[in-house]
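Residue-level structure breakdown
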Amino acid sequence: MSHQPSADSKMQVENIEDVEKWEERSSIQVEAPVAANLQKRIRRQFDKRVLPIVCCLYVLSYLDRGNIGNAKTAGAQKALHLDSSQWTWVLNSFYICYVVFEWTTLLWKIFPAHIYVAALCVLWGSAAMCSGFVKNMAGLIVCRSLLGIFEAGFGAGAPYFLSLFYQRRELGLRVSLLLGMSPLANCFASALAYGITHIKSSWGSWRYLFIIEGIPTIIFAPIVFFLLADSPGTARFLSEEDKTLAVERLQARDTTAKNKVHWKQFFAGLTDYQNYVHTAIHFCCNYSFAGLSNFLPTIVEDMGYTSINAQGLTAPPYFASFLLCALVAFASDRYGKRGYVVAGFATMGMIGYLLLVLVKDLENTGPRYLGIWLATCGIFPALAINITWLLNNQGGDSKRGAGLAILAIVGQCSSFVSSAVFPKSAAPFYTVGCSLGAGLTGAIVVLALGLHFKLEAENKRRDRVYGAVDPDEHVDVSALGDGNTKFRYLT
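What counts and how
- Residues numbered from 1 in each chain as written.
- Predicted model: local features only at pLDDT ≥ 70, side-chain atom pairs only at ≥ 80, totals over all residues.
- Heavy atoms only, no water.
- Helix = DSSP H or I, 4+ residues; strand = E, 2+ residues; numbered from the N terminus.
- Rg over C-alpha atoms; globule rule 2.2 N^0.38 Å.
- Buried < 20%, exposed > 50% of the residue type's maximum accessible area, 1.4 Å probe, protein only.
- Contact = heavy atoms within 4.5 Å.
- Areas by Shrake-Rupley, 256 points an atom, 1.4 Å probe, with all protein chains shown as cover.
- Expected span 1.5 Å × (residues − 1).
- Patch = residues over 30% accessible without salt bridge, like charges linked within 9 Å, V, L, I, M, F, W, Y side chains within 5 Å.
- Salt bridge = Lys/Arg side-chain N within 4 Å of Asp/Glu carboxyl O.
- 1 Å grid on protein atoms, 1.4 Å probe; cavity = no way out; pocket = protein on both sides within 12 Å on 5 of 7 lines; lining within 4 Å.
- Points joined across faces, edges and corners; volume = space filled by probe spheres on them.
- Nonpolar A, V, L, I, M, F, W, Y, C, P; charged D, E, K, R; others polar.
- Bend = angle between axes of the 7 residues up to and from the residue.

1. A word on the overall build of the chain
Assigned secondary structure in the chain consists of 23 helices and 2 strands. By the compact-globule yardstick of 23 Å for 491 residues, the chain fits well, its C-alpha radius of gyration being 23 Å. In terms of principal-axis extent, the alpha carbons of the chain reach across some 80 × 45 × 40 Å. Counting every position in the chain, which comprises 491 residues, the buried fraction comes to 58%. Counting contacts in the chain only where the partners sit at least 6 residues apart, residues at least 24 apart contribute 82% of the total. Just so you have it, the chain exposes about 19300 Å², and 66% of that area is on carbon and sulfur atoms.

Next comes the structure, spelled out in structure tokens:
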């Protein structure tokens, strides 16, 4: 009869010899992989019943947060009599609250997702709508602050939520589709703004923009409440047999209860160098992520286009970046090498920013508009794959949550910088803002390649010391996390 180690013995695993002894004593049974046809059936169920709901929520969240840039171009700043400094405070009020409340990512681990997210929908949709009724700067700051608080609970937690349903090599495509919803939302926002700004009213078309884009979020809340699954093991659309298979098919399995936090894993996440490299990459990506959402219509308008045409011209680059997110994620899931993907697209973004910095001819707008395309199409895929990469290499659910919390809180801080470096006085070239964009995207290249080669070396060391492992083998990460000798990192 196999001997199961006590909880104390698990906590005392501190070196390689202890790991080997613990694994021998625990006599872990390696389960046979779930048959490919069954995996495909379950994966399709999640693709039909879980992924579309979460993606729709992401579109709605970015419509509600990103429409501030379109509202500015439509006349909100002028109507409220705000100068560039005051408008910066309007933008930063959202990011300050978003960063302060990023810790609510952990609530995905504690509360049932269908209840928690449905409540957030109603709250952030209401805050977005109320932005259309404000009379002054104070009112707009209150609405944007509330929007930041409520969206913080959803934004960073959504990729973590998907990681509960999909295998590591399935996750890249799904998370990239999810994060690709942000440029798609900006594409929709630009197209909607193009139509809404044609509304002729003394009340102001920017007010209709906030109200019309906030309503769908509230309407969507009942759909979330009744249809969103909380976890693979509790999905109502699966049979009992499929629920079991859905849990068993996950290669890195954490047996910690769904509503419990494994504190040893959590603190391991706070001390893992990988999380801080991913956070630095996200900081650099998020500068452009926030800056493009807030200022791209203004940059295009200052190239000599009318306000209405500027709204329309920002849509195509966003749509192209969404398509690239999906295509790149598919290739990355199939062939791995996530570090090369992040570095490659960051290079594209850097070239785009350099065009915006160096080309200062407003008579010939083609190269500058090309720079906008390259910056947009480069940064969004890099950001999406970086977050997927972090999720792939965290041992358990609690460590994954800790890693995402660090990434979201610290990485989001670059939004404050981007809010301040595109003032009206810097028009039409915004040299400082675009130069910073070029520098930060260049830093992504160095960080991504450095992490890729470091993880590749660690995998080779583990193969040399412990022997090669089957990529499809199930690994119990409940106690040792990614320190389990059978765990291999995706590079």
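Next comes the rest of the description.
2. So, unusual backbone geometry
In this structure, Pro 428 follows Ala 427 across a cis peptide bond, with omega equal to 5°. Checked against the element boundaries, Pro 428 lands in the loop between α22 (414-420) and α23 (431-466). One non-glycine residue, His 81, adopts positive backbone phi at about 60°. Relative to the assigned elements, His 81 resides in the loop between α5 (76-79) and α6 (84-100). By relative accessible area, which is 68% here, His 81 ends up exposed.

3. Observations regarding helix α21 (residues 397-411)
Its 15 residues give α21 an end-to-end C-alpha distance of 20 Å, which sits within 8% of 21 Å, the value for a rise of 1.5 Å per residue. Judged by how many residues are buried, α21 sits mostly within the fold: 13 of 15 residues are covered.

4. Quick look at a nonpolar patch on the surface
Residues Ile 115, Ile 223, Phe 225, Phe 226 and Leu 227 make up a contiguous nonpolar surface patch of roughly 480 Å² in combined accessible area. Ranked by the residues each element gives to the nonpolar patch, the list is headed by helix α13 (residues 205-227), at 4 residues. Topologically, Ile 223 is positioned in helix α13. Judged by relative accessible area, which is 34%, Ile 223 ranks as partly exposed.

5. A short note on empty space enclosed by the protein
The rolling of a water-molecule-sized probe over the atoms marks out the regions of remaining empty space. Evaluation of the coordinates by the stated rule reveals 5 cavities of 30 Å³ or more. Mapped onto the lining of the largest cavity, the elements with two or more residues apiece are α4 (51-73), α16 (273-301), α20 (366-392) and α21. Tallied by class, residues from the lining of the largest cavity come to 12 nonpolar, 4 polar and 2 charged. One number sums up the size of the second largest cavity: a volume of about 90 Å³. Elements that contribute at least two residues to the lining of the second largest cavity include exactly α4, α6 and α16.

6. Quick notes on α4
Taking 1.5 Å as the rise per residue, α4 with 23 residues should run 33 Å; its terminal C-alpha atoms sit 33 Å apart, in good agreement. The principal kink in α4, of about 40°, is found at Asn 67. Looking at the residues trailing α4, positive phi occurs at Gly 75, about 115°.

7. Concerning the pattern of salt bridges
Applying the stated criterion across every chain, the model contains 13 salt bridges. The partner of Arg 338 in a salt bridge is Asp 333, with the nearest N and O atoms 3.0 Å apart. With respect to class, Arg 338 is no different from Asp 333; both count as buried. Here Arg 488 and Asp 463 are joined by a salt bridge, their closest N and O atoms 2.8 Å apart. Here Asp 463 lies in helix α23 and Arg 488 lies in the segment after β2 (475-476), a separation of 25 residues in the sequence. What makes Arg 488 buried here is its relative accessible area of 12%. By relative accessible area, which is 33% here, Asp 463 ends up partly exposed. Each of Arg 43, Glu 170 and Arg 249 takes part in a single network of salt bridges with overlapping partners.

8. Focus: the environment of Glu 151
In this fold, Glu 151 is placed in helix α9 (residues 137-155). On the basis of relative accessible area, Glu 151 is assigned to the buried category, the value being 1%. With 97 residues separating them along the chain, Glu 151 and Glu 248 place their C-alpha atoms 32 Å apart. Those residues within four positions of Glu 151 in sequence are excluded, and the remaining contacts are Ser 61, Asp 64, Arg 65, Phe 94, Tyr 98 and Trp 124.

These values are about where atoms sit, not about what they do.
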